[in-house]
Amino acid sequence: MIEFYIPLKSIINTIMSLIRRDILIYMLAVFLVLMLSISLAYGDDEEGEEGGLFGEDFANQLGSAAWIGGLFLNSVFVVINRARKIFRLRVPMRAILDFHIITNVLLGIAGIIHGYSYLKVAGPAEYVAVGLIFLLLATGLFLRYISSRNVKLLNRIVHGQLLLSIILAIVIGYHIAFIED
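Given the structure is predicted, the values throughout are model-derived calculations rather than measurements.

Caption draft 1: Structural context of the overall build of the protein. A tally of regular secondary structure across the protein gives seven helices and zero strands. Along the protein, helices and strands appear, N-terminal first, in the series α-α-α-α-α-α-α. Scored against the burial criterion, the 181 residues of the protein give a buried share of 29%. The long-range share in the protein, meaning contacts at least 24 apart out of those at least 6 apart in sequence, stands at 62%. Of the roughly 13200 Å² that the protein leaves accessible, carbon and sulfur atoms contribute 68%.

Okay, structure coming up:
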C-alpha cells in the first residue's frame with residue numbers, strides 16, 4: 001500500500017500564499033465584532049436598561065470611541081499624506097495606510113454597533129451617518145484590494161472626496177449636539 005505524506009505546514013503555507021494574511025485578519029475582526037453586536041442586541045437586558053448585554057454605558061463608549069478616534073486618526077492621516085506630497089517626505093506609506101484601514105474598519109464597526117444599540121430611536125441623521133460610514137469603508141477597502149484600473153479610478157474618486165468625510169463629521173456632530181439623554 002502506498003501512503004502519501006503531505007506535511008501540514010506546507011498545506012498551511014500554500015493556503016496562506018493564496019489568501020492574503022491581511023484579509024484573514026479583517027475577516028476575524030469583523031467576525032468577532034459581529035458576534036459582539038449580536039450579544040449587544042440580543043443579550044439579556046435588565047429591566048429598563050438599554051444597549052443590550054453591556055448596557056447603555058458601553059454603547060455610549062463605543063460611539064464616543066468611534067467619534068473621537070475617527071476624528072483624530074483620520075486628521076493625522078490627512079496631515080501625514082498632505083505633508084508627504086507637499087514636502088516630498090519619505091514615510092512608510094503602506095504601513096500607515098494599513099493602520100488607517102484597520103483602525104477605520106474597527107472604529108466604523110464600533111460606530112455601527114453604537115447605532116444598532118439605539119435603533120429604536122434612530123432618526124434620519126443616524127441613518128445618513130451609517131450610510132456614509134458604510135460607503136467610506138467599502139470604497140476604502142475596494143481601493144486597497146481591487147487592482148482593476150477602472151474600479152480603482154472610481155473608488156479613488158469616491159473615497160478621495162474629502163467632502164464625504166466632512167459631511168460625515170457634520171452629521172455626527174449634529175447627532176451629538178441634539179441627542180436626547
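Caption draft 2: Spotlight on the nonpolar core. In this structure, Val 105, Ala 129, Ile 133 and Leu 168 are the most contacted members of the largest nonpolar core, which totals 18 residues. Of all the elements in the fold, those that place two or more residues in this core are α3 (55–87), α4 (93–117), α5 (124–145) and α7 (162–178). Here Val 105 is in contact with Leu 137 and Leu 141, once residues within four sequence places are set aside.

Caption draft 3: Fine view of α5. Here α5 contains 22 residues, and its C-alpha end-to-end distance of 32 Å stays within 8% of the 32 Å for a straight helix at 1.5 Å per residue. If you check which residues of α5 are buried, you get Ala 125, Ala 129, Leu 132, Ile 133, Leu 136, Leu 137, Thr 139, Gly 140, Leu 143 and Arg 144.

Caption draft 4: Broad picture of the packing of α5 against α7. Viewed as axis vectors pointing N to C, α5 and α7 meet at an angle of 150°, and their least axial separation amounts to 9 Å. Classified by the interaxial angle, the pair formed by α5 and α7 is roughly antiparallel. Relative to α7, α5 is oriented so that their crossing is left-handed. Note on element contacts: α7 touches α5 through Leu 164, Ser 165, Ile 167, Leu 168, Val 171, Ile 172, Tyr 174 and His 175, opposite Ala 125, Glu 126, Val 128, Ala 129, Leu 132, Ile 133, Leu 135 and Leu 136.

Caption draft 5: Structural view of the side chain of His 100. Take His 100: it is sitting in helix α4. Since its relative accessible area comes to 11%, His 100 is described here as buried. A polar side-chain atom of His 100 sits 3.4 Å from a polar atom in the side chain of Asn 74. Those residues in contact with His 100 that sit more than four places away from it in its chain are Asn 74 and Phe 77.

Caption draft 6: Highlighting α7. The first and last C-alpha atoms of α7 sit 24 Å apart over 17 residues, in line with the 24 Å expected at 1.5 Å per residue. Within α7 the residues assigned to the buried category are Leu 164, Leu 168, Val 171, Ile 172 and His 175. Down the axis of α7, the buried side of the element spans an arc of 95°, and every buried residue falls inside it. Exposed residues pointing more than 90 degrees away from the buried face of α7 are listed as Leu 163, Ile 170, Ala 177 and Phe 178.

Conventions adopted
- Residues numbered from 1 in each chain as written.
- Predicted model: local features only at pLDDT ≥ 70, side-chain atom pairs only at ≥ 80, totals over all residues.
- Heavy atoms only, no water.
- Helix = DSSP H or I, 4+ residues; strand = E, 2+ residues; numbered from the N terminus.
- Buried < 20%, exposed > 50% of the residue type's maximum accessible area, 1.4 Å probe, protein only.
- Contact = heavy atoms within 4.5 Å.
- Areas by Shrake-Rupley, 256 points an atom, 1.4 Å probe, with all protein chains shown as cover.
- Core = buried A, V, L, I, M, F, W, Y, C linked by side-chain atoms within 4.5 Å.
- Expected span 1.5 Å × (residues − 1).
- Axes fitted to C-alpha atoms, helices over the stretch in contact; angles between N-to-C directions.
- Parallel < 35°, antiparallel > 145°, perpendicular 65-115°, else oblique.
- Left-handed = near helix turned anticlockwise from the far one by under 90°.
- Polar contact = N/O pair within 3.5 Å; in protein donor to acceptor, adjacent residues only side chain to side chain.
- Arc of directions from axis to C-beta.

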